[in-house]
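# Chains, contacts and geometry: an overview
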Amino acid sequence: MLFLALILIIGVLTTFTDLKNKKIYNRHLAISAIIGLIITAYAVIFRHEHVLFHLINGLIAFLIGLILYQSALWRGGDAKLFALYAFLMPVPEYGQIPFPNVVSLFACSFIAGMIILIPFFIKDIIINHKAIANDLLLPTKRQAMFEGFATVTFFSWILFPFYYLARITSPFIILTASYLFFNWGGKIKKEAKKHYIIEFCRKKFIKISIGIIFGFFVRLWLSPNSLSFPALTRYIMMILLSTTLSICINTIFDHFKNHHERVPFAPLLFMGCVLSYTPFLTKIMHLMARWNSLFAR
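Computed from a prediction, not measured in an experiment: that's the story for all the values here.

### Overview of the nonpolar core
By size, the foremost hydrophobic cluster in this structure holds 34 residues, and its most contacted members are W74, L81, F82, Y85, L88 and L105. Of all the secondary structure elements, the ones that give two or more residues to this core are α1 (2-21), α2 (26-45), α3 (52-70), α4 (76-88), α5 (100-127) and α14 (265-275). Per-element accounting of this core gives the leading share, 9 residues, to α4. Not counting the four nearest positions on each side in its chain, F82 is found in contact with A61, I64, G65, W74, V102, L105, F106 and L269.

### Here we look at the side chain of Q143
Within the fold, Q143 resides in helix α7 (residues 139-158). Apart from residues no more than four positions distant in its own chain, Q143 is found in contact with K189, E191, A192, K193 and Y196.

### Describing the environment of I158
Residue position: I158 is located in helix α7. The spatial distance from the C-alpha of I158 to the C-alpha of I212 is 7.4 Å, given a sequence separation of 54 residues.

### A short note on the packing of α7 against helix α11 (residues 205-222)
Helix packing geometry: the angle between the two helix axes and the distance between the axes. Two elements in contact, α7 and α11, have axes separated by 8 Å at closest approach and are oriented at 35 degrees. Considering only the axes of α7 and α11, their crossing is left-handed. Contact residues: F154, S156, W157 and I158 in α7; K207, I208, G211, I212, F214, G215, F216 and R219 in α11. Among the residues making up the contact of α7 with α11, the classes are represented as 7 nonpolar, 3 polar and 2 charged.

### Describing the packing of aromatic side chains
Here the structure, examined in full by the defined rule, presents 12 aromatic pairs. Taking 5.3 Å as the distance between ring centres and 70 degrees as the angle between the ring planes, the aromatic pair formed by W74 and F82 counts as edge-to-face. Take W74: its relative accessible area is 12%, and that puts it in the buried class. For F82, a relative accessible area of 0% puts it in the buried group.

### So, the environment of T244
Looking at the element boundaries, T244 is found in helix α12 (residues 229-255). The sequence separation of T244 and M145 amounts to 99 residues, and the corresponding C-alpha distance is 9.7 Å.

### Re unusual backbone geometry
Of note, K22 is a non-glycine position whose phi angle comes to about 55 degrees, a positive value. Relative accessible area serves as the criterion here: at 45%, K22 is assigned to the partly exposed category.

### Digging into the state of the cysteines
All told, the structure shown has 0 disulfides when counted by the stated rule. Cysteine C108 remains unbridged, with the sulfur of C273 as its closest cysteine sulfur at 9.3 Å. A relative accessible area of 0% means that C108 is categorised as buried.

### So, α2
Taking 1.5 Å per residue, 20 residues should reach 28 Å; α2 reaches 28 Å between its end C-alpha atoms and fits that length. Buried within α2 are the following residues: H28, L29, S32, G36, I39, T40 and A43. Burial along α2 is one-sided: seen end-on, the buried residues are contained in an arc of 105 degrees. Opposite the packed face of α2, turned more than 90 degrees from it, sit the exposed residues R27, I34, I38 and I45. Those residues of α2 that are buried are in contact with α1 and α4.

So, how was this worked out
- Residues numbered from 1 in each chain as written.
- Predicted model: local features only at pLDDT ≥ 70, side-chain atom pairs only at ≥ 80, totals over all residues.
- Heavy atoms only, no water.
- Core = buried A, V, L, I, M, F, W, Y, C linked by side-chain atoms within 4.5 Å.
- Buried < 20%, exposed > 50% of the residue type's maximum accessible area, 1.4 Å probe, protein only.
- Helix = DSSP H or I, 4+ residues; strand = E, 2+ residues; numbered from the N terminus.
- Contact = heavy atoms within 4.5 Å.
- Axes fitted to C-alpha atoms, helices over the stretch in contact; angles between N-to-C directions.
- Left-handed = near helix turned anticlockwise from the far one by under 90°.
- Nonpolar A, V, L, I, M, F, W, Y, C, P; charged D, E, K, R; others polar.
- Phe/Tyr/Trp six-rings, centres within 6.5 Å; stacked < 30°, edge-to-face > 60°.
- Disulfide = S-S within 2.5 Å.
- Expected span 1.5 Å × (residues − 1).
- Arc of directions from axis to C-beta.

Spelled out as structure tokens, the structure:
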């Protein structure tokens, strides 16, 4: 109850400051973190409770937040608030999923945020469709899209062992990973090369060859059926879908450079934290499992 009370206080406070001043203040996060550590120490010393999962989830959330911050998708305050919530949250009940605080918080915040923001994105796309289309036709943008597509394809192929052993089949997780790879590999350069496809293949030939061979033999060893024509067709469709969505999101964010700064993430993270203790994510996962089964057919 102490953790939940602290989450409620920091949630209301950061939501207010983010909506009013578009800022999440470090002093609020620091004070909350110190109080959280005091509560953790109290739980260990006087109640003999196991709190290691709090520390592990907080550390994993910090690393994820750092990656999103380095990718210019989140501000520093958003990343730190994400880690603080993951540290403070009591464990949600979602079965045997790894790092349940991190997974439930990120998934609920992202899904709820997309539901709320999609209408605004669609409106902006309709109003600015010509400018966005012109941006896509720029040589530097085409080169970045190709390199992003190649990066997604390469890592999706060689990451099959991890997906297989971790039993990751959720389209949400795969699409999120694909977007991060696309954003990392598809950085826009100052000038576009004339023959950038040939140049890219020439420079990356050894790495690409090793990756293709490695992915092939690992699939042959772990799951030979993944090399069948239907399975490879699904793989190609997933890559195309992931890349298309990544291009759309990346292009919109590039066009509206201040969009991620204008969107207050504190209320979305607080909403995601609250939704983690409701059937929201369970129902979403059920719907995605049904969609995944239909897609597999």
